[in-house]
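Geometric and topological summary
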Amino acid sequence: EGELNLLTWEGYADPSFIAPFEEATGCTVSATYVGSNDDFAPRLAAGGGVFDLVSPSSDSTAPLITAGFVDPIDTSRLDRWDELYERFRTSEGINSDGQVYGVPYAWGAIAFMYKPDAFETPPRSLDALMDPALEGKVALWDDKSAIYVAARMNGDMDIYNLSDEQIAAAQETLGEMRSNVRKYWSSAGELVDLFASGEVVLSNTWAGYQSALLAEQGIEVVEFIPEENAEGWMDSWMVVSGTPNEDCAYQFLNMAISEAGQCGVASVNGYSVANPVAARECMTPEQFEALHQDDPAYLDSLLLWENLGPRLGAYTNAWNAVKSQ
Amino acid sequence: MTVVQEQVDIVPVRAKGRRRSRNGLGARLAWGGAIAAILAFLYLPIAVLVLFSFNSGRLLSWPIQGFTLDWYRKLASNEQLIEAAWNSLYVATCSTALTLIIGVPAALALDRLSFPGKGLFRKLVLLPIALPGIITGISMLTLFRLMGANLSLTTVIIGHATALLAVVVTQVYARLQRLPRSYEEASADLGASGLQTFFFVTLPNIRTAVIGSGLLSFTLSFDEIPVTFFLTGRDNTLPMYIWSTMRRGLTPEINAVGALIVLASAVLVVLSVLLLRDKPGGRA
Amino acid sequence: MSLAEPLPEARLRARRWTAMRRYLVLSPPLLWTVVFMFVPYLTLVVYSVWRAEFPLAVPDFQFGNYVTIFTDPQYRNVFLRTLKIASLVSLCALLLAFPYAYFLVFRVRSPGWRLALYMAVVAPLWVSYLLRAYTWKTILGTNGILNSFLISAGLIDEPLTVLLYNQAAMVLTLTYVFIPFMVMPIYAALEKIPPSLHEASADLGEGHLSTFFKVTLPLAMPGVIAGFTMTFCLSFGDFIAPMLVGGPDGQMIAGVIATQFGAALNWPLGSALALTMLVFILVLISASDRLERVGQGRLA
Amino acid sequence: MIELTGLTKRFGEVVGVDCVDLRVEEGAFVTLLGPSGCGKSTLLRMIGGFEEPTEGTISIDGRDVTDLPPNRRPVNMVFQDYALFPHMSVGRNVAYGLKVSGMARSEAAAEARKALDMVGLADRAEAMPHQLSGGQRQRVALARAIVRHPKVLLLDEPLSALDANLREQMQVELRRLHRLVGLTFIMVTHDQSEALAMSDRIVVMRDGRVVQQAAPSELYDKPADAYVAGFVGTTSFFEGEMTRTGLRAFGQTIRAPKDLAPHGRPARFGYRPEKVELRQGHVADGLTGHVDELLYRGDAVRVFVNVGDGRLAVDLQVTDRAATDGLPRPDEAVTIVIPPARLMAFGPAADKAA
Amino acid sequence: MIELTGLTKRFGEVVGVDCVDLRVEEGAFVTLLGPSGCGKSTLLRMIGGFEEPTEGTISIDGRDVTDLPPNRRPVNMVFQDYALFPHMSVGRNVAYGLKVSGMARSEAAAEARKALDMVGLADRAEAMPHQLSGGQRQRVALARAIVRHPKVLLLDEPLSALDANLREQMQVELRRLHRLVGLTFIMVTHDQSEALAMSDRIVVMRDGRVVQQAAPSELYDKPADAYVAGFVGTTSFFEGEMTRTGLRAFGQTIRAPKDLAPHGRPARFGYRPEKVELRQGHVADGLTGHVDELLYRGDAVRVFVNVGDGRLAVDLQVTDRAATDGLPRPDEAVTIVIPPARLMAFGPAADKAA
Ligand SMILES: Nc1ncnc2c1ncn2[C@@H]1O[C@H](COP(=O)(O)OP(=O)(O)OP(=O)(O)O)[C@@H](O)[C@H]1O
Ligand SMILES: Nc1ncnc2c1ncn2[C@@H]1O[C@H](COP(=O)(O)OP(=O)(O)OP(=O)(O)O)[C@@H](O)[C@H]1O
Ligand SMILES: [Mg+2]
Ligand SMILES: [Mg+2]
């Protein structure tokens, strides 16, 4: 009984684990996909009452909470809340005024990937993006994340607190890089396609996801964390305020952090998950290890996305300016 | 905005023959080649689309790898796509009905009545046809936001009806202008009331324009993106669905959808040519 | 009857009834246009002077958005680029459409063929815009149909990468998509030229070519202007081709507006941009309208 | 009986019809005649109910119909372009007016057939309008109008779309139909010969006003002013002045009735070209001049004669007496002799004559 | 001098012009007259070079021009719709044909001004065509054609777009211009009165063939057949048979020249309505019948008389002698007396008369 409308990422509503859920609960699930974290707020702002659950990354949650787009989560209705990583449960992104607003779901890195047959020496550093030999062979995510990448190339490692000058420098770096860029990709599939059809050989990527899709097509790519480090992300489910389908929503949340949801999202997307307990139950040890579920240090080493607060405008404006050049 | 009226008026045919040309074979060959090249430019892509919908390989490269109907089969089992198609059908049907209900009286008013503000009214109605859809889309988005209305297929329908109103109005208006006023006067003179006159005399005589503009606005609505882009809620229309899959990457399945759409369009074109060809009796 | 004398009650009632019937016809379309066209443009104006503040905007009255548009070079860049691309598209379409229309009107003698060839350009309008644009992506890609065909034909060794994801690809795609809008008005204009004008020119001693430049071309101008304007407006407001076949330098003004309403979540700035575009296009349309009317007045 | 009182129609600045008073007797055939734009159609359309008068009233048989819509007036109209409904057969066109007023289908068909019979088209009831010739369409339009037995039939230039031969034929038909049905006909035309040929009474209009109303022969022989004289039939005009010895024009004096015009003041005069005589050479008591140009017309020859600074016309009947051989040649000296009774005088103010 | 030999034009199945032989003398004013679709325009357009003859030759002053394109023939045309270039001023329109042949701009302008002067429009050189009235456009078209001093001027229905008054005026103008420039004029018209009024010689066409060529008065008085008689001027036709006592028609016998037609065989006869007399009651040696309808025309009255099963027309001159009061009334018995010399006879095969 009831329906659930998800505004989420590709792969988060995969039939492999959604179908059983629908069968078990009678809630029908439909999903609309976003291409970037920046899509959540506008879709909710343009008119409420359309979606029930959203899954933004932790750096983009604050505005949704402030604007009242999402409701607090009643954690007592979640059976396995306590099994989630402590770091996530208490993260700034989903906690506000002593209330919890999100249910951590999956996490990962914004790694880079390349086609091994196009390189004699495998790239290790972001400098490869500027390699004149790669003219027209690079792709970059159409997201403010590009600023983070450029800042790190410039040596500005405090990427979430860049000064205006540093942002301007990043913008300039991106401008210089442009002759190498074939396309700014805006969806996972688009990037897959760019690699598959041989348009590009190097790009940033949602670690685990696109490489797996490419592997399915028999195309070999290699992911790597560049010397300049990589950003990390964590997505959590949030309940849109005023949803008429609250029951289904909570059933979905429970499913999401159980074995079904956690291993589902891990095997479909290749992402790491938020509930290590459930993960251990349903993953092979190899997968468990490969996804760094046993390695909190890896998680800590990533530059986990932070809410930019009032600086958000400066970042997005800089990125738009790059695209407009 | 004559721009508009001319471009939607359907198929003028000139019957009178012209003088036989005195030029030789060379000129004819040159012309033939140029025209063939333009036609090739127009139809090669469509041919490619249809051809590759039967290609057994995933990669869209020459030569095609083999014949298959897989993509059509996949398409038949793609629920999202089918639902999107139904949504589109629903939207196109409703918005066409709306444009006709609003547009025919609007054309009548423009042609037969004079009232204060007519100039502005005409400009407003005709504007969307030259205006990029994005402006119609966002201006209506701001309105719905202000009204606190939720985005749904209904808002899309309203958006389409508004954007396509001009199509109906221009075509029906053009026809009304060719329809002598004296028909309606004769009808009133013979004792018919306003409604009787409209249904017995006016409507039968503008029938082809109404059907034609209805068909056109149906196709345009079925294919609409810019307005839908801003006004749709969670429901996808077919082009929006195709658009999102396209953005996610090349899938040969889309070729199959495309081939089907080409087929449907061909049917529609033939249909409209047949329907719109004035029967001799229908001519004024 | 003198003017001052009041009309009898019955006559007044009859007049009122006639007037009311008119408004019954008029009111639905009038209401619709006011509510769904006039008011939306007004709200756009209102938003454009508001201030962006999360989640959307707060009432304010200032022209900061317009100041931004006219001072920040990124908007000027995009605007100029859009102008360039729309002009190129219109030009290419014109170069293809004029000979085609000319051929139809002056070289095809059989009405049946003329109709068929005319339908041949107009018919693609009925085929989905997206699909027509998308096909070019599959044709022009690095491993796309054109490249693989050229390679298998032995014409090139390496796939050409200059075909896709750049402005040329956008111009090509948009030209392809909008060419019918160029052919139609030019055809109509050429069609309207009385054949006797050509005969008169021959009668007075002119040859084919000079008749073309002295008579045909000047008289076809209204159609050319109409087609040019239409094609220009349509490609000026397009934001789909850039996303499909455009490269990193493919951003167009409509895309920027879409971004302001989407990712950037700055509706006021977006509204201001949209209104700027609206005004630009209105000016363009009325200018071309005037030019056209000048031309048509002569033929009338 | 139709009575128009102070009927006026203004279109913004333009005055279409200007304070017209008119009575039309029952059963009369009245023609509104005037040049293009003089307000004939507007007047007719006000009677039909297609235009609302700005001022004034219209009554039919004593009943004020000024504010009735067309469908409620006992008046029917034959439109200039016939306005046959192209999507209905001839029979259904004629029956239309009956069906909308609720007559049963079969009865309406029978009535329609009767009306078609009256115009001689009973066998074409199944045809579509576009299958008919111009004259036949014309007759269908007539049938459609008379089938409702209106009190008045309005005809707006009913024959203007027909070619010359057919027009003459239809003139006779219309006259006969008028006699047959006995209705009041009000017809609009800008063709003076048509007005002369068909009507009992002609109303000449100019600039929205009625200039003269009279029977055809009265109109022709005694035009009220130069305008009517120039518009109805041909008139040769010249300037002159009445003196005690006669009418002085072009420095020559001819005989004229004493009271033709006030003496000692320049005025305008005229005559009908077919009512005068042309003599060779100089003849006393005539206007002498030189032949300018001849227009042969089969049954007559119009001779243009330059007299002084003016140009006058004379129509010569081509009879056995004056065969074409006996015609004057260009530049020959001739004299125009005008019977005094045939001289017409118009006030000095009269202007704008054909 | 223009000479057409066996000139034929076929459009697929349709024969537009059928083996026409024609000689036009230098300086003549020749009119091609015939109903719509008879091939007048096609013939003219072949002379102008706008249509290629299927067969036959065209020579001008002894030079074969059959295969020359229009721009190389010493012939200019005035088009029915004038075909003025709408984007050029009047002056540039007229100068257009001069600049092509390499004339300097100033010289061409001067020539153009001279030509415009000739048609009385010298002061409108700066105007655009759409600012001119119909008659003025007509004259510009004329100026544009004559400015090149062609040997022959072709005119395709030059006056058909003008209203009646203006047409008459332009007829006189054209005649005068013809006299002035002394060129050969070949004009097309379907208006017999225009043809009669203007031409030295009329070529009557029918179904692509020439039926009769003659001077206007000859054509009117001695039409070659019933077709010409019906087309040029009005003719009242009736069926009859020559007997020894005279012409027998409608059971009555009237006097007729013995050799009018073969005796003892039914044939078709006719007369011009204005050449006969109408008497009251029964009169010997005339056709007696009853008045059907009168059409008043100002200077004349056309009386339709039912005689037996036929209907004949008589034109009565409205003179002082027979004022309108003395006119016959409908249903009155009258007799038509036809002077024997005025009877025309046509073979039995003659059909299709107006
Ligand atoms: N709907 C209208 N709006 C403005 N002016 C009008 C309208 N209808 C007629 N007129 C003007 O009123 C005057 C009389 O027009 P009307 O049609 O009655 O003339 P008419 O005598 O019938 O001429 P015609 O012989 O050309 O039909 C004209 O000056 C005309 O321009
Ligand atoms: N281009 C053409 N193709 C086919 N038939 C033609 C063509 N031009 C003329 N005809 C035919 O040739 C015949 C003569 O035509 P033409 O135009 O010479 O007639 P016309 O005497 O000038 O008639 P009108 O008075 O109507 O102008 C007609 O039957 C016409 O249908
Ligand atoms: Mg009128
Ligand atoms: Mg012709």
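Residue indices follow the written sequence of each chain, beginning from 1 at its first position. Labels are handed out in written order, letters beginning with A for the chains and numbers beginning with 1 for the ligands. Only residues with pLDDT of 70 or above have their local features reported here, since the model is predicted, and side-chain atom pairs are shown and tallied only from 80 upward, although totals for entire chains, interfaces and linings are computed over all residues. To obtain the side-chain values, all non-hydrogen atoms of the structure were used and water was disregarded.

With an unreviewed UniProt entry as reference, chain D is termed PotA_2 protein, source organism Jannaschia aquimarina.

In the annotation of an unreviewed UniProt entry, chain C is listed under the name PotH_2 protein and assigned to Jannaschia aquimarina. UniProt positions are given in the numbering used here, feature names are shortened, and annotations may be inferred rather than shown by experiment. The UniProt entry for chain C carries this comment under Subcellular location (unreviewed entry): "Cell membrane".

This next bit is on the UniProt feature "transmembrane region" (unreviewed entry) in chain C. Residue and element names in this part refer to chain C. Here the UniProt-annotated "transmembrane region" (unreviewed entry) positions come out as residues 30–50, 85–106, 112–131, 168–190, 219–245 and 265–285. Elements are defined by DSSP. Helices are runs of H or I of four residues or more, strands are runs of E of two residues or more, and each kind is numbered from the N terminus. With 100% helix and 0% strand, residues 85–106 has end C-alpha atoms that lie 31 Å from one another. Secondary structure content for residues 112–131 is 70% helix and 0% strand, and the end C-alpha separation is 29 Å.

For the rest of this paragraph, the subject is the site of ligand 1. Residues and elements named next belong to chain D. All residues adjacent to ligand 1 are Phe11, Val14, Gly16, Pro35, Ser36, Gly37, Cys38, Gly39, Lys40, Ser41, Thr42 and Glu157. Polar contacts, as used here, are pairs of N or O atoms within 3.5 Å; protein pairs need one atom able to donate a hydrogen and one able to accept it. Residues neighboring in sequence count only if both atoms are side-chain atoms. Cys38 has a polar backbone atom sitting 3.2 Å from an oxygen atom of ligand 1. Between an oxygen atom of ligand 1 and a side-chain N or O atom of Lys40, the distance comes to 2.9 Å. Surface exposure here means Shrake-Rupley accessible area, sampled with a 1.4 Å probe, where a residue is shielded only by the protein chains that are shown. The fraction of the free accessible surface of ligand 1 (630 Å²) that becomes covered by protein chains is 59%. Residue assignment for the shell around ligand 1 shows that the elements contributing at least two residues are strand E2 (14–24) and helix H1 (40–48). With three residues, the single largest contributor to the shell around ligand 1 is H1. Residues are grouped as follows: Ala, Val, Leu, Ile, Met, Phe, Trp, Tyr, Cys and Pro are nonpolar; Asp, Glu, Lys and Arg are charged; every other residue, Gly included, is polar. Grouping the amino acids of the shell around ligand 1 by side-chain chemistry returns four nonpolar, six polar and two charged. Throughout, near means a residue has at least one heavy atom within 4 Å of the molecule or strand.

So, about the relation of the copies chain D and chain E. Between the two chain copies there is a screw-like relation: a rotation about an axis and a shift along it. Here the copies are superposed with least squares, the fitted atoms being C-alpha atoms of residues at a pLDDT of at least 70 in both. Aligned on chain E, chain D shows an RMSD of 0.3 Å; the corresponding rotation is 180 degrees and the shift along the axis is 0.3 Å. Taken together, the rotation and translation relating the two chain copies correspond to the operation of a two-fold axis. For chain D, the smallest separation between a C-alpha atom and the rotation axis is recorded for Gln317(D), amounting to 4.7 Å. Whether two residues are in contact is decided by their heavy atoms, any of which lying within 4.5 Å being enough. Comparing contact sets, 100% of the residues at the interface of chain D also lie at the interface in chain E, consistent with an isologous, same-surface contact.

Taken together, the contact pairs 89 residues of chain B with 93 residues of chain C. Salt bridges are identified by distance alone: a Lys or Arg side-chain nitrogen within 4 Å of an Asp or Glu carboxyl oxygen. At the surface where chain B touches chain C, the tally comes to zero salt bridges. The interface formed by chain B and chain C contains six residue pairs in polar contact (both at pLDDT 80 or more). With 14 residues, the single largest contributor to the side of chain B that touches chain C is helix H2 (residues 25–52) of chain B. Across the side of chain B that touches chain C, the residue classes tally to 65 nonpolar, 14 polar and ten charged.

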